[in-house]
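Architecture and fold: a report
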Amino acid sequence: LGPTGLLAASAFRQADHTVHVFEQNAEIGGAWRLLPPSSHVLLPHAMAHTMPGFPVVPPPCERPDAGPDAAPYPHRMCHYLQEYARVNQLDEHIH
């Protein structure tokens, strides 16, 4: 389950729909889980500092403790997606 699935699940929950999300892997992360841990994705500067569609939970590069190397490494993004799911109470809807 990646970013798109999480956003869809969150939107359906906010619209008072019953949500059941089926994930084939043990943990969420989508395509971010397929990348080698040391790789990072180079995003355009504007995108690296804002992640439209992900309200409530600031992305890793916008956190107060983010250093200059706050690039979206796979482990950071997977952790972020897990935190997003937890904060938006999606955990209980992921099977």
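The shown structure was predicted, so the numbers you read here are calculated from the model rather than taken from an experiment.

1. Some words on the nonpolar core
By size, the foremost hydrophobic cluster in this structure holds 16 residues, and its most contacted members are Leu6, Ile28 and Ile94. At six residues, helix 3 (residues 74–87) tops the list of elements feeding residues into this core. In contact with Leu6, not counting residues within four places along its chain, are Leu1, Ile28, Leu81, Tyr84, Ala85, Leu90 and Ile94.

2. Here's the deal with the confidence of the model for the chain
When pLDDT is averaged along the chain, the result is 77; 65% of the residues meet or exceed 70. Counting contacts from residues 44–50, a segment whose pLDDT is below 50, to residues more than four positions away or on other chains yields five contacts.

3. Concerning helix 3
Taking 1.5 Å per residue as the helical rise, helix 3 with its 14 residues ought to reach 20 Å, and the 20 Å between its terminal C-alpha atoms agrees with that figure. Those residues of helix 3 that fall on the buried side of the exposure criterion are Pro74, Met77, Cys78, Tyr80, Leu81, Glu83, Tyr84 and Ala85. Against the buried residues of helix 3 lie helix 1 (3–14). Gln89 occupies a position one or two residues after helix 3 and carries a positive phi of about 50°.

Procedures and definitions
Residues numbered from 1 in each chain as written. Predicted model: local features only at pLDDT ≥ 70, side-chain atom pairs only at ≥ 80, totals over all residues. Heavy atoms only, no water. Core = buried A, V, L, I, M, F, W, Y, C linked by side-chain atoms within 4.5 Å. Buried < 20%, exposed > 50% of the residue type's maximum accessible area, 1.4 Å probe, protein only. Helix = DSSP H or I, 4+ residues; strand = E, 2+ residues; numbered from the N terminus. Contact = heavy atoms within 4.5 Å. pLDDT = per-residue confidence, 0-100. Expected span 1.5 Å × (residues − 1).

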